[in-house]
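Next come the chains, spelled out residue by residue.
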Amino acid sequence: MTARILGIETSCDETAIGVVEDGRRILANVVASSSQFHAAYGGVVPEIAARVHVEVIWQVLQEALTAAQLSVEQLDAIAVTHGPGLPGALLVGLAFAKGLALALDRPLIGIDHLAAHLYAGSMTDEALEPPYVGLVVSGGHTLLCVAHPQQRFEVLGETKDDAVGEAFDKVARLLGLGYPGGPVIDRLSDEGRADAIPFSRSHAKDGFDFSFSGLKTAVYQYVTKQVEGSRVKGEGDTLDPRPSTLDRQQVVDIAASFQEAAVDILLTKTLRACQRTGLKRLVIGGGVAANRRLRQRLLEAGQSRGLQVVCPPPALCVDNGAMVAGVAFEQLQAGARAPLSLAIDPNRCLN
Ligand code: KG4
Ligand code: ZN
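Conventions adopted
Residues numbered from 1 in each chain as written. Chains lettered and ligands numbered in written order. Predicted model: local features only at pLDDT ≥ 70, side-chain atom pairs only at ≥ 80, totals over all residues. Heavy atoms only, no water. Donors = N, O, S within 2.8 Å, 3.2 Å for Na, K, Ca; no water. Helix = DSSP H or I, 4+ residues; strand = E, 2+ residues; numbered from the N terminus. Buried < 20%, exposed > 50% of the residue type's maximum accessible area, 1.4 Å probe, protein only. Pairing = 2+ DSSP bridges. Axes fitted to C-alpha atoms, helices over the stretch in contact; angles between N-to-C directions. Contact = heavy atoms within 4.5 Å. Parallel < 35°, antiparallel > 145°, perpendicular 65-115°, else oblique. Core = buried A, V, L, I, M, F, W, Y, C linked by side-chain atoms within 4.5 Å. Domains from an automatic or database assignment. Buried area = accessible area lost by both parts, 1.4 Å probe. Salt bridge = Lys/Arg side-chain N within 4 Å of Asp/Glu carboxyl O. Polar contact = N/O pair within 3.5 Å; in protein donor to acceptor, adjacent residues only side chain to side chain. 1 Å grid on protein atoms, 1.4 Å probe; cavity = no way out; pocket = protein on both sides within 12 Å on 5 of 7 lines; lining within 4 Å. Points joined across faces, edges and corners; volume = space filled by probe spheres on them. Nonpolar A, V, L, I, M, F, W, Y, C, P; charged D, E, K, R; others polar. Phe/Tyr/Trp six-rings, centres within 6.5 Å; stacked < 30°, edge-to-face > 60°.

## Considerations on the coordination of the zinc ion (ligand 2)
Surrounding the zinc ion (ligand 2) are the protein donor atoms His113 (NE2), His117 (NE2) and Asp319 (OD), at 2.0 to 2.1 Å. Sequence spacing of the donor residues for the zinc ion (ligand 2), all on one chain, is H-x3-H-x201-D. Of this pair, His117 sits in helix H4 (residues 113-124) while Asp319 sits in the loop between helix H10 (314-317) and helix H11 (322-333), and the two are 202 residues apart along the sequence. Judged by its relative accessible area of 11%, Asp319 falls in the buried class.

Given below as structure tokens:
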């Protein structure tokens, strides 16, 4: 029987609701981002994200239902991200989902945000079957895993410090490019030379763990050296290198060189994971998976090594409700039902 599932995603700064039929057919995928309210702070402010979710979630639901041409009564289940993510932001989506499930008398299904990111691969390639290597690259996570059947995951490695999306955002902030920085660096890199500055690639020794703070610091040190007369207060959030004194060519060269180094780090570990596990399928997910250079390099490497690389379309890489509704289908079929006491789980990490 056909199952139409509503997927609610509020783990960070996107209020997103999607409707998906039978785990694959996207009927609606509406995303409202509060990023403009965070831009002045250079990163997501949790209280603002939670407040905006409250303000817009009803409207986002109406838009999703209109796009899907369905009424709430025609929904078969309510799926919601309950972790990982910002506690206040997760609470809004979870409370909303519980209210809907209770009022409509429909099953409530709790979803892991990272599993949802990887499931975007199955919505992209319907023939995709586990096991495969999964790379999740977002603002909060950088993680390599093996995805087994029935939503079981074996984590191979994670970042030891910054997530790669966080590094993109911090470098963008350092260069005065605003928030979120990933898409801007992606765009500007087209104009820059990727080999202009040989930023060091930290590979966090062997194994599958990542590290991006060394790269971030290398960019920081390079920028402060370039900026005449800059008075630097400190590393990270208090950084004040007056990037306005960098000319445009310098900015795009730094952006392209940073992006190339970040992609190199991701590529090295990911290809190593494919080689060591002997798996010939790779799925990428999360906001940074929208990065054009990362996609291009992975697809090229896949071609030369006989690997199948699944890169979901950008709209399914960034946070969205369709991936939440999609991944819930298998769970619904398996009889999974969350109790109304389902709690947020801000630190969960697959499984
Ligand atoms: O998965 P996501 O939408 O939210 C989290 O779960 O964190 O990922 C957001 C991250 C941000 O750091 C953003 O800068 C980055 O993904 N991002 C990108 C691109 N689009 C989004 N990074 C690099 N290139 C992009 N095109
Ligand atoms: Zn995400």
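## A closer look at the sheet that holds strand S7 (residues 142-148)
The sheet built from five strands is open, its strands ordered S8-S7-S6-S9-S10 with mixed pairing. Among the strands making up the open sheet, the edge pair consists of strand S8 (152-158) and strand S10 (308-310). Looking at each pair of strands side by side, their axes are set apart by 25° on average, direction ignored. Bridging between strand S6 (residues 132-137) and strand S9 (residues 281-285) involves four bridges; their strand directions are parallel. Residue pairing across strands places Leu135 opposite Ile284, the latter belonging to S9. On top of the sheet, H4 reaches S6, S7, S8, S9 and S10; it is set at about 120° to S6, its chief contact.

## Points about the sheet that holds strand S3 (residues 25-33)
With mixed pairing, five strands are arranged side by side in an open sheet as S3-S2-S1-S4-S5. Each end of this open sheet is capped by a strand with a single partner; those strands are S3 and strand S5 (108-112). Going from strand to strand, the sheet's axes swing by 20° on average, the running direction of each strand aside. With four bridges connecting them, strand S1 (residues 4-9) and strand S4 (residues 77-83) associate as parallel partners.

## Some words on the environment of Ile185
By secondary structure assignment, the location of Ile185 is in helix H6 (residues 181-188). Taking relative accessible area as the criterion, Ile185 reaches 0% and is therefore assigned buried. In contact with Ile185, other than residues within four places in its own chain, are Phe168, Val171, Ala172, Leu177, Ala255, Phe258 and Gln259.

## Details of the packing of helix H5 (residues 164-174) against H6
Running from amino to carboxyl end, H5 crosses H6 at an angle of 70°, the nearest separation of the two axes being 7 Å. By the criterion of interaxial angle, the relationship of H5 to H6 is roughly perpendicular. Along the contact surface, H5 presents Phe168, Asp169, Val171 and Ala172, while H6 presents Gly181, Gly182 and Ile185.

## What about the nonpolar core?
Core analysis: the biggest nonpolar cluster contains 54 residues, and Phe199, Phe212, Leu215, Val219 and Phe258 have the highest contact counts within it. Secondary structure elements with two or more residues in this core: S6, S7, H5, H6, helix H7 (213-226), helix H8 (248-277), S9 and helix H9 (292-305). Take this core: its biggest share by element is 14 residues, from H8. What Val219 contacts, discounting residues up to four positions off in sequence, is Val171, Leu174, Phe199, Ile254 and Phe258.

## Concerning the domain arrangement of the chain
Split into domains, the chain comes out as domain 1 (4-124 + 316-333) and domain 2 (132-314). Taking only C-alpha atoms, the centre of domain 1 and the centre of domain 2 are 26 Å apart. Between domain 1 and domain 2, the buried area comes to about 1800 Å², and carbon and sulfur atoms account for 69% of it. By the criterion of area lost to domain 2, the three top residues of domain 1 are Leu114, Leu118 and Cys317, representing 36% of everything that side buries. Summed over the shared surface of domain 1 and domain 2, the result is zero salt bridges. Counting across the interface, domain 1 meets domain 2 through nine residue pairs in polar contact (both at pLDDT 80 or more). For the side of domain 1 that touches domain 2, the element with the most residues is H4, which contributes eight residues.

## Details of the layout of surface pockets
Space inside the largest pocket adds up to approximately 1100 Å³. Around the largest pocket, the lining comprises 40 residues; the ones closest to its centre are Cys12, Gly139, Gly140, Asp169 and Tyr179. Elements that contribute at least two residues to the lining of the largest pocket include exactly S3, H5 and H6. At six residues, H5 tops the list of elements feeding residues into the lining of the largest pocket. Looking at which domains feed residues into the lining of the largest pocket, each of domain 1 (4-124 + 316-333) and domain 2 (132-314) gives three or more. Roughly 290 Å³ of volume is contained in the second largest pocket. As for the second largest pocket, its lining consists of 21 residues, and the residues nearest its centre are Tyr119, Ser122, Pro130, Gln151 and Glu330. Grouping the amino acids of the lining of the second largest pocket by side-chain chemistry returns 11 nonpolar, five polar and five charged.

## Brief notes about the packing of aromatic side chains
Under the criterion given, the structure shown has four aromatic pairs. Each ring, one from Phe168 and one from Phe258, has its centre 4.9 Å from the other, and the planes form 75°; the classification is edge-to-face. Remark: Phe258 occurs in helix H8 and Phe168 occurs in helix H5; sequence separation between them is 90 residues. For the pair Phe168 and Phe258, a shared accessibility class is recorded, and that class is buried. Ring centres 6.2 Å apart and planes at 15° place the aromatic pair Phe210 and Phe212 in the stacked group.

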